[in-house]
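# Working through the structure, step by step
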Amino acid sequence: MINYPHKKNVPSVVKDQRHQHQKAIDFGKRGMSFEAQIVSANAYYLASGVAVIHKKPTPIQIVKVDYPKRAAATITEAYFKTPSTTDFNGIYNGIYVDFEAKETTNKTTFPLANVHGHQVKHLVAVAEQKGFAFLLVKFVTLDEIYLLMSDTLHQFWQEYEKGIRKSIKRDEFMAYGTRVPNQTYPSVDYLKTIDQLLNKRR
């Protein structure tokens, strides 16, 4: 059994690094708030028997393990690896759903640097297999969430790779994406938006 170190046993080197990168950690906490909303919505969908959609675990690269006792091991150094695909996937009403969730504090643009090329490629591949693939973006300051389909994201990404653009404007999300309505619970009912888009296709 692996025993994870308690906070008081965290090496001083790790503590120093944590202090030096406090701003980055704070940004991560802000990112978790949107992620937590989606995880909560997914739990609601699962409990209601509506859909089975989960967050993929972030892969970790273990670098160093100490063995203070024969029957115990302590991880003393590990790093988060860049996920090979996207944040969430699952099944909804017989349709495979796969998406990446991001947020920005910018009021007018979403920086494309926040997305990885392999994620765009993955979403495009999912769509080619008839899956429902998209990017979900939250403008935190405005409390607005938009769903952007993978084919539109791919077009913007190609312009990004050519150096034509650096971001997607909020106006473009309004024009080419679909607004996810705010509500009490679940606060991010993105399946309602998926239904809306599927009805348009029909």
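As a starting point, this report considers the structure included with it. Everything numeric here is computed off the predicted structure, so don't read it as measured data.

All right, on to the nonpolar core then. The biggest cluster of nonpolar side chains holds 25 residues, and the ones touching the most others in it are Ile38, Phe99, Phe132, Phe134, Leu136, Tyr190 and Ile194. Counting residues per element, the ones that place at least two in this core are α2 (22-47), β1 (51-55), β4 (88-92), β5 (95-104), β7 (132-139), β8 (144-149) and α6 (190-201). Sort the elements by how many residues they give to this core and α6 lands first, with five residues. Setting aside residues up to four positions removed in sequence, Phe134 forms contacts with Val97, Asp98, Phe99, Glu100, Leu123, Leu147, Leu148, Met149, Ser150, Tyr190 and Ile194. Membership of the second largest hydrophobic core comes to 18 residues, among which are Leu112, Leu123, Leu148 and Ile168.

On the surface, Leu46, Val52, Ile91 and Tyr96 cluster together to form a nonpolar patch covering roughly 310 Å² of accessible area. Along the chain, the position of Leu46 falls in helix α2. According to the relative accessible area criterion, Leu46 is partly exposed, its value standing at 42%.

With that settled, the discussion passes to the environment of His118. Assignment of secondary structure puts His118 in helix α3 (residues 117-128). In sequence terms His118 and Thr85 are 33 residues apart; their C-alpha atoms lie 6.7 Å from each other.

Turning our attention to the environment of Asp143. If you trace the backbone, Asp143 turns up in the loop between β7 and β8. Residues Asp143 and Thr105, 38 residues apart in the sequence, show an inter-C-alpha distance of 9.7 Å. Among residues more than four places away in sequence, those in contact with Asp143 are Lys138, Arg179 and Asn182.

Next up on the list: the pattern of salt bridges. A complete count under the given rule lists eight salt bridges for this structure. Its salt-bridge partner being Glu100, residue Lys102 comes within 3.2 Å of it at the nearest N-O pair. Classification of Glu100 as buried rests on a relative accessible area of 2%. Glu159 serves as the salt-bridge partner of Arg165, at 2.6 Å between the closest nitrogen and oxygen. Owing to a relative accessible area of 14%, Arg165 belongs among the buried residues under this scheme. In this structure, a network of salt bridges that share partners links the residues Glu159, Arg165 and Glu172.

Criteria and thresholds
Residues numbered from 1 in each chain as written. Predicted model: local features only at pLDDT ≥ 70, side-chain atom pairs only at ≥ 80, totals over all residues. Heavy atoms only, no water. Core = buried A, V, L, I, M, F, W, Y, C linked by side-chain atoms within 4.5 Å. Buried < 20%, exposed > 50% of the residue type's maximum accessible area, 1.4 Å probe, protein only. Helix = DSSP H or I, 4+ residues; strand = E, 2+ residues; numbered from the N terminus. Contact = heavy atoms within 4.5 Å. Patch = residues over 30% accessible without salt bridge, like charges linked within 9 Å, V, L, I, M, F, W, Y side chains within 5 Å. Areas by Shrake-Rupley, 256 points an atom, 1.4 Å probe, with all protein chains shown as cover. Salt bridge = Lys/Arg side-chain N within 4 Å of Asp/Glu carboxyl O.

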